[in-house]
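# Chains, contacts and geometry: an overview
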Amino acid sequence: MDGTKRSNIKIGSHVNIVLKEDQRTGNLTEGYVEAILTKSPNHPHGIKVRLETGEVGRVKEVLEED
């Protein structure tokens, strides 16, 4: 699912994010959303979230729950 719409992301969602330091390389970090930091309903580069590990980045994709 698309990571640019806030409505697609919930607390506890399983997501792939790109960390600030990984924006050039595009390396993705997988984790679960602890907090949604972007207030607007959408953002062209992805909604900014904090993972349960404390890492902050922009959601590139919301992974489907099995």
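Here the structure is shown first, and the text comes after it.
We now turn to the structure provided with this report. (Residues numbered from 1 in each chain as written. Predicted model: local features only at pLDDT ≥ 70, side-chain atom pairs only at ≥ 80, totals over all residues. Heavy atoms only, no water.)

### Some remarks on the pattern of salt bridges
- One pass over the structure, following the stated rule, counts 2 salt bridges.
- Here Arg-50 ties to Glu-34 by a salt bridge, and the two come within 3.3 Å at their closest N and O atoms. Residue Arg-50 is located in strand β3 (residues 48-51), and its partner Glu-34 is located in strand β2 (residues 29-36); the two are separated by 16 residues in the primary sequence. (Salt bridge = Lys/Arg side-chain N within 4 Å of Asp/Glu carboxyl O. Helix = DSSP H or I, 4+ residues; strand = E, 2+ residues; numbered from the N terminus.)

### Points about the environment of Thr-53
- As for its position among the elements, Thr-53 is in the loop between β3 and β4 (56-62).
- Residues Thr-53 and Gly-31 lie 22 residues apart in sequence; the distance between their C-alpha atoms is 7.7 Å.
- A polar side-chain atom of Thr-53 sits 2.8 Å from a polar atom in the side chain of Glu-55. (Polar contact = N/O pair within 3.5 Å; in protein donor to acceptor, adjacent residues only side chain to side chain.)

So yeah, pure geometry; function would need other evidence.
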